[in-house]
Amino acid sequence: MDEVIQVTQWLSSITPRKKAKLFFFTTHADAPSPMVGSNDVDTHEETQLPLATTVALHNFKNIDEFLKKKVNTFSCYNVIENEITKTDYEYLRFYSACKYLDVVPPFLDLEKISAIQNKFEMTDEERDYRLLLDSADLVLEKVCDSLKPAGVSQMWTALRKDRNLIRGVKTIDIIGFFVDPNPTGIKECLFFFIVRFLQKADKINRVNTNRLERLIAQCDESSSCEEGKTIDFIIDSLRFYPTELYPFGSCLIMCVIEGRDGAMQEIEKTMVISRHLGMITHTEKNPTKETIELVKKELMKPKYQFYSSFTCWFMSHGDSNSMVLADGETIEREWFLTSFPDISTFQLKPKVFFMVSCRGANKFSLKGDEFEGQSATCDYYDIGSALIRNRMLDITDSVRDISYVQPMMDTLVAYSTILDHLSGRANTHGSIYVDRACVLMSENISRGRSLTEILEHLSQDLHEILQETMDEDRIVYKQACHYDSFFRKTLKLPYTRHPKEDVHSAPQ
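Bear in mind that the values here come from a model prediction, so they are computed numbers and not experimental data.

Draft legend 1. Main features of the sheet that holds strand β2 (residues 279–285). Reading across the sheet, the six strands line up as β2-β1-β3-β6-β8-β13 and stay open at both edges, with mixed pairing between neighbours. Two strands close off the open sheet at either side, each with one partner strand: β2 and β13 (482–485). The mean inter-strand angle of the sheet, taken between neighbouring strand axes irrespective of direction, is 15°. Where strand β3 (residues 310–315) and strand β6 (residues 351–356) come together, six bridges link them in parallel fashion. Residue pairing in the sheet places Phe-310 in a bridge with Lys-351 of β6.

Set out below in structure tokens:
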């Protein structure tokens, strides 16, 4: 059959709503740049004009033309070995979006997709199409599905009132002030236009969504939300780190085995829980400085752009400032922690470090009842809410910026013990901290808890356990863990994942 006829038939089989979503997923806002084959041309018209004209004319002609052009480009594309191009990214994004929406063209060359995945050095686990979907876009799709046409129309009205933001934008004028979003697919096109416009204007990204939340907050709940949804529910969904679908992220387990009883148990437990959480996991036993440098180099490969999060377990002996490697050399803990968050592939994504080692030799020893009867007191000040409001700063958009980000932002570091203190372990099971952390994460995985909630529970649980030193003194002591967080959103643990099965039903 002629390819033109095949493409026409394929497009006619896709509903307007799915066309809008396919366009949205394909015009991903955070595509890596600069790339081979990218001429840095402003893609404003390519990503927003078809949406604007579709909303204005209630006609999907321009979106159809865009999708036809994509298909023709991929049909003629020759996969070049070794070089990763902008088209490689676009091809993978297009394929994953089609797969997710259950609209894969029957004529799409799957061998090319496999060849592109080879260029990215993807393992069998990484060839799951769900890895290629952008989690932030999936969250925005759910927000759109939670709003009625009237809600998106109210967002549009609120956006149009911000004259400083929309001044001189031609696509805004194409749509006009008053919009009828009720025809099938038009609500989606208008919502996705608003999102892409705010992204291109540097007002929102995968972490900073305040500007979008403010638009939603101005909607009338009774007329704007789908049944069972509320404005608060919709806004809350934007306040979590986007980690939709499988995999939850990349997990690196680094464990020094030499001289550490139970180390293999630590590896086994962390591997089991990371896979249970839906992470793609890599293990490095007995790491050295060279190992760490090689791992950092590996994480800078382009394929890690597709991951939604990064987790690292580092288990070794240590002292207040450093950790002991397998060859007896030491590395500064601070150097280790600051060198990973700066890796570009995980910018604006949650990065979690579990640092499991002693940080000194001190122990919180229990010596009878000498602490009995002690308590902490604090003063309470009654400050009226009106007084607080009157003293608040009026922070305008003109003094806000989301373009520049401190490297440590979106990072959480969890320590197995506090500074200058021991980190306890059992002879056969290894670190008690690792054991309790894995147990609590496993117990809470299906409850939708956040990571910080679990770490707080872990702090309580670990501090209840009486431990004993292995030396002749046999001192009974307690261990206290803690974490430092630079998170800007909440990281919620996923429900149980089934990475070998596709349990997802296609959106409408």
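Next comes the rest of the write-up.
Draft legend 2. Expanded view of the pairing of strand β8 (residues 411–415). Taking burial as the measure, the five residues of β8 include five buried ones, the bulk of the element. Both faces of β8 are covered, namely the face carrying Thr-411, Val-413 and Tyr-415 and the face carrying Leu-412 and Ala-414. Where β6 and β8 come together, five bridges link them in parallel fashion. Counted as the bridge partner of Phe-354 is Ala-414 from β8. Pairing of β8 with β13, which is carried by four bridges, proceeds in the antiparallel orientation. Following the sheet pairing, Leu-412 is matched in β13 by Ser-485.

Draft legend 3. Just the UniProt feature "domain: Caspase family p10" (unreviewed entry) in the protein, in detail. In the numbering used here, UniProt assigns the "domain: Caspase family p10" (unreviewed entry) feature to residues 410–443. Across residues 410–443, the secondary structure splits into 35% helix and 26% strand, with the terminal C-alpha atoms separated by 25 Å.

Draft legend 4. Structural view of helix α9 (residues 149–160). Between its first and last C-alpha, α9 extends 17 Å over 12 residues, near the 16 Å set by a 1.5 Å rise per residue. Turning to α9, the residues buried within the fold contact α10 (163–166), α11 (170–175), α12 (186–200), α13 (210–217) and α14 (221–224).

Draft legend 5. Fine view of the side chain of Ser-146. In this fold, Ser-146 is placed in helix α8 (residues 135–146). A residue is classified by how much of its surface remains accessible, and Ser-146, at 7% relative accessible area, is buried. Polar side-chain contacts of Ser-146 include one of 2.9 Å to the backbone oxygen of Lys-142. Sequence-distant contacts of Ser-146, that is, excluding residues within four places in its chain, are made with Ser-224, Cys-225, Glu-226, Lys-229, Phe-233 and Ile-234.

Cut-off values and rules
Residues numbered from 1 in each chain as written. Predicted model: local features only at pLDDT ≥ 70, side-chain atom pairs only at ≥ 80, totals over all residues. Heavy atoms only, no water. Pairing = 2+ DSSP bridges. Helix = DSSP H or I, 4+ residues; strand = E, 2+ residues; numbered from the N terminus. Axes fitted to C-alpha atoms, helices over the stretch in contact; angles between N-to-C directions. Buried < 20%, exposed > 50% of the residue type's maximum accessible area, 1.4 Å probe, protein only. UniProt positions renumbered as here; feature names shortened; annotations may be inferred. Expected span 1.5 Å × (residues − 1). Contact = heavy atoms within 4.5 Å. Polar contact = N/O pair within 3.5 Å; in protein donor to acceptor, adjacent residues only side chain to side chain.

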